[in-house]
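Listed below, chain by chain, are the residues.
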Amino acid sequence: MNVVARPKTKSPQSGLPLTIRLALRDLRGGVSGFVVFIACIALGVMAIAGVGSIARSLSDGLAREGRVILGGDVAVSLIHREVDPAERAFLDGLGQVSVAATTRAMVRSPGERTALAEVKAVDGAYPLSGAVELDPPINLQQALAAKGGVFGAIADPALLARLDLAPGARIALGSVSIEIRAALTSEPDKIAAGIAFAPRLLISEAALRATGLIQPGSLVRWHYRVRLPENQANDQNAALIADRLHQQFPQAGWDLRTRSNASPQLSRNIERFSQFLTLVGLTALLIGGVGVANAVKSYLDRKREVIATMKSFGATGAMIFSIYLTEVMLLALFGTGIGLVMGAALPFVVTAAFGAIIPIPIEPAVHLGELAVGCLYGLLAALAFALWPLGRAHDVPVSALFRDMVAPQRRLPRPQYIVAAVLAALFLAMTAVAIAFDRRVAVMFVVSAAGVFLGLRLIAALLMWLARRAPRPRATLLRLVIANIHRPGALTPTIVLSLGLGLALLVTLTLIDGNLRRQFSAALPEHAPSFYFVDIQEVDATRFDVFVRSHAPAAEFERVPMLRGRIVSAKGIKAENLQPAANTAWVLQGDRGITDSRDVPAGSRVVAGEWWRADYDGPPLVSLENKAAVGLGLKIGDPIVVNVLGRDITAKIVNLRAVDWQTLGINFVLVYSPGTFRGAPHPYIATLTYPGGGTIAQEIALLKSVADAFPAITIVRVKDALEAVGKVVLDLTFAIRGASSITLIAAILVLGGALATGHRHRVYDAVVLKTLGATRTRLLAAYALEYLLLGLATVLFGVAAGSIAAALITTEVMDLGFVWSPAPALTAALSALLLTVCFGLLGTFSALGQKPAAVLRHL
């Protein structure tokens, strides 16, 4: 019989290096021990990649719709004044120009109801881009035109609801009556205006001029939008024109934007929010890193016979390390891939689910750069946390591996593995700081994370040290519990680290959320004024004082002059070239309220320098708020130039003030010496504060009286403004809590994984103790007490660390006051403690159910 030899077929893996082939063969047995590992990596990567992709989609949407959001290709805005003929001629030479004016004013219904409105007056060319949608759908210019001597208006549905009116009704605005002809459904350039403190009222420019609201120095902002010819309408030309405007009119004092930065504040907020959520994702990865270390340690424990066999056949420690490092990184790559897929899909899911209600244009797409960042973070976190337990397998001899169950050796990995683990962790930290939008916050995060890790390791070591040196109690149950805490292979380090990280994060988020709610819904209104009165003209000032004091004799009343100015330069450096701290950049963004005063304003105190004399009448001097001075790098004696009404005013800083902004009283970053603005038209701003906050009836009565007697004065009810801001902030905290739930899920997974890591030892312990006569009830009590003691010690640290972190973030990053609330912190602590005991006992039940004979045969 002829036997034909078949040619050998090459395995697909035959061309791979030996370590990779062995790693792939080993992984054929499944990845059941790495479920937590993969889940933690996937969650963290999904958070980082998904948040980055959503932020990029929002930014792309803003850029794509920049022309519509801005209302043109180039826009300039001025407060207090309109452009002069030379400036208008220059703008007209660029393209089609549209003019709009915005201000806040009181409107009154025939039924004596009053409400604050964000008034926007537009010309016949508005809008240059996009469309205004009305209900009923009528032509905008026809809706605003004067008919029968009465101007038309378009009102936000919220304003109609507040006044209990419908289209067709008339309202009083300033000194004229205006007919509401439709409800405002959509406004194309609404996003560029920022947060609105009142509903929109859209009128014509002619109607605004007829109201009498435009007075010298009134807080009316004039917007001039330019639509470039289609062959010139691009970002590059818009930027060039912006430069020409700066060069042609260096002292114009206007705020200039182009289609590429239609809403710079919104863009900055998107970047800050995405940075925060990226840090949340990074926190999930760091917590997941503990799960990585636990999973690797548990996996190596289960593979001790395999490792021993390989070493007995000549495998070196370096080969063992390489094989299992390859396995770990392949699994990390698998988890990262899952996270990248979910992260890439997140913008599409958000758009499909919430696109109709999100007021920001979003352009969902797959953003490779953001996915690369998530991939880098995921692989670095896996590497940093896997190197240490993998390095330990290098030097453990075969004999030690076989007896590792009862006498695991306590030795550090070789120096090269320690150095590699430290370098990987440092690279991860440096990457987080380098990519961060706010590096100060990123550095705080890295330092805090390192401190918490170190603190928890020390807590675990201290607990084991105390357990070893504790006197032996007579009760068998207590002896077993104490022994379990410090015995070889004890779960103490993994439980303390896993529980402590999750609890610290939970307490931090809970306390931040509680303080934000307190600041914007409870504490502030008690100390804040009841009303702001804006645009009080000089001719009405004395009569207004008498009127208000006669109607509210018990209230505290304050009135000061106010102008608006933009910082042009400081220390001889242009504002755009200054490098302010992140928490001070707002001082240079747009116009700031400024005033002059003979005395130190209420709510301020001089912390450096001297206040000027009450009779000072020399060159302009200025007092600067202390935190702003520190953030801008300014000191006493430095010159600062502010553009006011198109005129640059140079003043020398002579003192610095600490300001209590949280009182919401009248105060300013810049306060000038008396006479600085002599001759300049300016209105006054005033506050009225009822003792104890006043009643709703008092406030409504005063609001109606002032609105009737002084229709041109804008009245801002502080509680309404706080509710508007508070809603935005609380919505933000809700979003943060939702995103942070990813980290909490990771913490729960890691805690469960940490307890599962010791399951193998628990099985052997339970079998041996049951063989020696221990009952199931006694063993359950011992394990429950062990978890309770470990949990209590960890809870104390977690609450303390979380409280410190929340205080730092609230005071240093958010610049708000901090109050420690025991109830939320203790609730979080008890929840974590209960979770630990329940998870531990769930694993213990399965351990107690093992048959002794089957287990003992393998000892």
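These notes cover the structure that comes with them. From a predicted model like this one, the values you see are computed outputs, not experimental measurements.

Reading guide: rules and limits
- Residues numbered from 1 in each chain as written.
- Predicted model: local features only at pLDDT ≥ 70, side-chain atom pairs only at ≥ 80, totals over all residues.
- Heavy atoms only, no water.
- Helix = DSSP H or I, 4+ residues; strand = E, 2+ residues; numbered from the N terminus.
- Buried < 20%, exposed > 50% of the residue type's maximum accessible area, 1.4 Å probe, protein only.
- Contact = heavy atoms within 4.5 Å.
- Areas by Shrake-Rupley, 256 points an atom, 1.4 Å probe, with all protein chains shown as cover.
- Pairing = 2+ DSSP bridges.
- Axes fitted to C-alpha atoms, helices over the stretch in contact; angles between N-to-C directions.
- Phe/Tyr/Trp six-rings, centres within 6.5 Å; stacked < 30°, edge-to-face > 60°.
- Core = buried A, V, L, I, M, F, W, Y, C linked by side-chain atoms within 4.5 Å.
- Polar contact = N/O pair within 3.5 Å; in protein donor to acceptor, adjacent residues only side chain to side chain.

A count of helices and strands for the protein chain gives 25 helices and 22 strands. Relative to its full complement of 859 residues, the protein chain shows a buried share of 51%. Within the protein chain, residue pairs in contact and separated by at least 24 positions form 81% of the contacts whose partners lie at least 6 positions apart. With an accessible surface of roughly 38600 Å², the protein chain has 62% of that area assigned to carbon and sulfur atoms.

Strand order in the open sheet made by the four strands is β12-β21-β11-β22, with antiparallel pairing throughout. What marks the edges here is a single partner per strand, and that holds for β12 (556–561) and β22 (714–717). Across the sheet, the mean angle from the axis of one strand to that of its neighbour is 15°, orientation sign disregarded. Its contacts with the sheet place helix α18 (residues 538–551) against β11 (531–536), β12 and β21 (684–689), and it is angled at close to 175° to β12.

Let us look at the packing of aromatic side chains. Taken as a whole and assessed by the stated rule, the structure comprises 11 aromatic pairs. On the numbers, 5.6 Å between centres and 70° between planes, the contact of F249 with W254 is edge-to-face. Of the residues examined, W254 reaches a relative accessible area of 5% and is grouped as buried. Between Y672 and F677, the aromatic rings sit 5.2 Å apart at their centres with planes inclined by 70°, giving edge-to-face as the arrangement.

Our next topic: the nonpolar core. Residues F34, F37, V296, Y324, L390 and L501 are the most contacted members of the largest nonpolar core, which totals 73 residues. The element contributing the most residues to this core is helix α12 (residues 368–395), with 11 residues. Discounting residues that sit within four places of it in the chain, F37 has contacts with V292, A295, V296, V328, L331, A332 and A382. Counting 49 residues, the second largest nonpolar core, distinct from the first, contains A121, L173, A183 and A233.

Take the pairing of β22 next. Neither face of β22 is exposed, since T714 and V716 on one face and I715 and R717 on the opposite face are all buried. In terms of strand pairing, β11 meets β22 through four bridges, oriented antiparallel. Paired with F533 across the bridge in β22 is I715.

Counting through the fold element by element, T714 comes out in strand β22. Of note is the side chain of T714, whose polar atom sits 2.5 Å from the backbone oxygen of R104. With near-sequence residues (within four places) excluded, T714 lies in contact with R104, A105, M106, L116, Y532, F533 and V534.

Time to look at the pairing of strand β15 (residues 592–596). Two faces, one strand: in a regular strand the side chains alternate between the faces of the sheet. The element β15 is extensively covered by neighbouring structure, given that four of its five residues are classed as buried. Across three bridges, strand β13 (residues 563–570) lies against β15 in antiparallel orientation. Bridge pairing in β15 links L563 to I594. Relative to strand β20 (residues 670–672), β15 runs parallel, the two being bridged by three bridges.

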